[in-house]
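# Summary of the model geometry
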Amino acid sequence: MTAVRKVELLVCGDLLRGDDGVGAAVVRGIAPDVAEMASVRAVGQLMPDDLLSQAGPVIVVDAVHGPPPGELVDVDLAEVQHVADSIVPSSCHALPLPMVIGIARHLAPGPLEGRFIGVAGREWEIGSDLSPETAAGVGAAAVLVETWIRQFAAGSVVA
């Protein structure tokens, strides 16, 4: 029997702020058999200790500003600092995403393994629902997250 690595799925965002809650919608779209391979944790705003609390691969899901609403962003955690000018997570992070990842990389006993998956949004008002454009990207984002969960769980990701 092949060993399956547990994948940590960190969901950022605020369900009360429109498109900022897209991460939770993406998680609800993940097939149950794939969801069993992941440990899902709602973190609201990502902090370095969230990335350090898991020995295995991590997938961070959040809404982003920058690309057209509904567009997906898929970036290796090691590459986030290189795309920081073109995508900005929308959740009210205490620290910018590249800084959070940089601190975690500095403190981690080994390299961070994982992905940042973002869905671009346009509506951030308190009390608003997901915008139609962002909602349209949820299904594709769930499939993308499922793909990464399967690959990380099987240990078939090559850096």
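A brief look at the structure comes next. Note that the structure is predicted; figures quoted are calculated from it, not measured.

## Describing the overall build of the protein
Scanning the protein for helices and strands turns up six helices and six strands. Order of helices (α) and strands (β) in the protein, N terminus to C terminus: β-α-α-β-α-β-β-β-α-β-α-α. Residue pairs at least 24 apart in sequence account for 81% of intrachain contacts in the protein once pairs closer than 6 positions are excluded. Of the roughly 7,700 Å² of accessible surface on the protein, a fraction of 59% belongs to carbon and sulfur atoms.

## Observations concerning the pattern of salt bridges
In the structure shown here, the tally under the stated rule is eight salt bridges. One salt bridge connects Glu-8 with Arg-41, and the closest N-O pair in it is separated by 2.7 Å. Here Arg-41 lies in strand E2 (residues 38–44) and Glu-8 lies in strand E1 (residues 7–12), a separation of 33 residues in the sequence. Members of the salt-bridge network, linked through shared partners, are Glu-8, Arg-41 and Asp-50.

## Overview of the pairing of E1
Within E1, six of the six residues are buried, which leaves the element mostly enclosed by the surrounding structure. Burial of the side chains of E1 extends over both faces: Val-7, Leu-9 and Val-11 are buried on one face and Glu-8, Leu-10 and Cys-12 on the other. Note: E1 against E2, six bridges, orientation parallel. For Val-7, the partnering residue across the bridge sits in E2 and is Ala-38. Bridging between E1 and strand E3 (residues 58–65) involves four bridges; their strand directions are parallel. Across the sheet, the residue bridging to Leu-10 is Val-60, located in E3.

## Let's talk about the nonpolar core
Leu-9, Val-26, Ile-59, Val-145 and Ile-149 are the most contacted members of the largest nonpolar core, which has 24 residues in total. Looking at this core, the element that brings in the most residues is helix H6 (residues 138–154), giving nine residues. Beyond its immediate chain neighbours, meaning those up to four positions away, Ile-149 contacts Val-7, Leu-9, Ile-30, Val-34, Met-37, Ala-38 and Ile-59. By size, the runner-up hydrophobic cluster in this structure holds 20 residues, among which are Leu-10, Cys-12, Leu-46 and Val-60.

Parameters and conventions
- The written sequence of each chain sets the order in which its residues are numbered from 1.
- Side-chain atom pairs in this predicted model are given and counted only at pLDDT of 80 or more, local residue features only at pLDDT of at least 70, and totals for whole chains, interfaces and linings cover all residues.
- Water and hydrogen atoms were dropped before computing side-chain values, which therefore reflect all heavy atoms in the structure.
- Per the convention used, a helix needs a DSSP run of H or I reaching at least four residues, while a strand needs a run of E reaching at least two, with both numbered from the N terminus.
- Only heavy atoms enter the contact rule, under which two residues are in contact if any of them lie within 4.5 Å.
- Note on areas: these come from Shrake-Rupley sampling with a 1.4 Å probe, and a residue is covered only by the protein chains present in the view.
- The term salt bridge refers to a side-chain nitrogen of Lys or Arg lying within 4 Å of a carboxyl oxygen of Asp or Glu.
- Relative accessibility under 20% of the residue-type maximum defines a buried residue, over 50% an exposed one, and the middle range a partly exposed one, all with a 1.4 Å probe and only protein chains included.
- Strands were regarded as paired on the criterion that DSSP finds at least two bridges between them.
- We define a nonpolar core as any set of buried Ala, Val, Leu, Ile, Met, Phe, Trp, Tyr and Cys residues linked to one another through side-chain atoms lying within 4.5 Å.

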